[in-house]
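Results of the structural survey
In case you want the letters, here they are:
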Amino acid sequence: MLLLLLLQISASCLWLARSEVVTSFESSCPQFFFRKTPPNEALEPESPAWICQRYKNQYYFATLYDRKRRIPVYSAYLYQPGSGTRPKTWMVEPELMGPTYPKTMEREWTLLNNFKVSSEQLSKSQAVLQDYKNLTGLNRGHLNPSSHHSNSSSRTATFTLTNIVPQNEKLNGGAWNNYEQQTMIKNTQGCKTTYVVVGAVPGNNYIAKGRVNKPSHIWSSACCEVDNNHRKTWAVIAENDKNEVQLLSLGELEDVLTRLYGRNKVSLFDSDCPRV
């Protein structure tokens, strides 16, 4: 009996070790952060979930998720753009309901029909498709955009509702899209590896009858390795009710976020990424 109990405990620990919702990015998916260093705790929400975004048994990026506001705090990834079609299928994160559920993102339909999960159970843990229906002036805004990825699987992995926020539709299709598609291409010329962290500052308004927070600001930051001895950085921020993007240095963005959050000093990258 004791041996059986020990085997059960061992199996449980092994399952948790492979789990998608993890205890820290450093121990599970550090490859998406420069020098394996995620942003500091100054951005952490009251009810955080650290998600190593997993699709088809592979990690593609990392997301710090705010369970209470049902939006991502930030998503971190490697900038590796490539040609390809934009995915159409949205997915959710089963393990936000608990560790006994699949550790890879799934479609809502699959969970409701194949795993006998109730709509109430799923929607309690995270945002669902119903939350983003019938929006006025807002749409589903990716933090980590599919166009910044090189193959079908990595692009599909960005279509999880834990990677989107209610974003002003003019901003999403206008100035923010220009930054993602034009400025990033220009700024990454000569970069060997570009690490990106994109985030959203919680606002005072909500959609879906108070379920999902509408961020006050959307921001993005990048640290590019030119070679082993040289790095360059840049950043942007946008108010989520205007079609304008403000270009900043990394240090300036960290200062702005520090003021907006009103907590400790924000640090988005390892100190070897220049702040000016």
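Residues numbered from 1 in each chain as written. Predicted model: local features only at pLDDT ≥ 70, side-chain atom pairs only at ≥ 80, totals over all residues. Heavy atoms only, no water.

What about the overall build of the protein chain?
- Counting secondary structure elements, the protein chain contains eight helices and 12 strands.
- For the protein chain, whose C-alpha radius of gyration is 19 Å, the value lies close to the compact-globule estimate of 19 Å for 276 residues.
- The principal-axis extent of the C-alpha atoms belonging to the protein chain is close to 60 × 45 × 40 Å.
- Relative to its full complement of 276 residues, the protein chain shows a buried share of 54%.
- Sequence separation of at least 24 residues holds for 65% of the intrachain contacts in the protein chain that already meet a minimum separation of 6.
- Of the accessible surface of the protein chain, which amounts to about 13,300 Å², a share of 49% is contributed by carbon and sulfur atoms. (Helix = DSSP H or I, 4+ residues; strand = E, 2+ residues; numbered from the N terminus. Rg over C-alpha atoms; globule rule 2.2 N^0.38 Å. Buried < 20%, exposed > 50% of the residue type's maximum accessible area, 1.4 Å probe, protein only. Contact = heavy atoms within 4.5 Å. Areas by Shrake-Rupley, 256 points an atom, 1.4 Å probe, with all protein chains shown as cover.)

Points about the state of the cysteines
- Inspection of the entire model under this criterion finds three disulfides.
- Note that Cys 191 is cross-linked by a disulfide to Cys 224, the S-S spacing being 2.1 Å. Linking Cys 191 and Cys 224, the disulfide has an S-S dihedral of approximately -105 degrees and is accordingly described as left-handed. One end of the pair, Cys 191, is in the loop between helix H7 (175-187) and strand S7 (193-201); the other, Cys 224, is in strand S10 (residues 217-227), and 33 residues separate them in sequence. (Disulfide = S-S within 2.5 Å.)

Let's talk about the pairing of S7
- Burial within S7 is extensive, with eight of its nine residues counted as buried.
- Sheet analysis places strand S4 (residues 71-78) next to S7, joined by five bridges and oriented antiparallel. Considered in S7, the bridge of Tyr 77 is made with Val 196.
- For S7 and S10, the ladder comprises nine bridges, and the chain directions are antiparallel. Across the sheet, Ala 200 pairs through a bridge with Ile 218, a residue of S10. (Pairing = 2+ DSSP bridges.)

Quick notes on the pairing of S4
- Taken across its eight residues, S4 has eight buried, putting it largely inside the fold.
- Alignment of strand S3 (residues 58-66) against S4, held across five bridges, turns out to be antiparallel. Bridging from a neighbouring strand, Tyr 65 pairs with Pro 72 of S4.
- Where S3 folds back on S4, the antiparallel hairpin that results is connected by four residues, among which Arg 70 adopts a positive phi of roughly 60 degrees.

Some details on the pattern of salt bridges
- This model, assessed by the stated rule, comprises eight salt bridges.
- Here Arg 35 ties to Asp 272 by a salt bridge, and the two come within 2.2 Å at their closest N and O atoms. In this pair, Arg 35 is assigned in the loop between helix H2 (25-28) and strand S2 (48-55) and Asp 272 in the segment after helix H8 (250-261), connecting sequence segments 237 residues apart.
- Asp 272 gets classed as partly exposed once you look at its relative accessible area, which sits at 36%.
- Between Arg 69 and Asp 66 there is a salt bridge, and its shortest N-O distance comes to 2.7 Å.
- Of the residues examined, Arg 69 reaches a relative accessible area of 25% and is grouped as partly exposed.
- Within the structure, one salt-bridge network assembled from shared partners comprises Arg 35, Asp 270 and Asp 272. (Salt bridge = Lys/Arg side-chain N within 4 Å of Asp/Glu carboxyl O.)

Details of the side chain of Thr 258
- Its location among the elements puts Thr 258 in helix H8.
- Using a relative accessible area of 18% as the deciding quantity, one classes Thr 258 as buried.
- Of note is the side chain of Thr 258, whose polar atom sits 2.7 Å from the backbone oxygen of Glu 254.
- Side-chain polar atoms of Thr 258 contact the backbone nitrogen of Val 266, separated by 2.9 Å. (Polar contact = N/O pair within 3.5 Å; in protein donor to acceptor, adjacent residues only side chain to side chain.)

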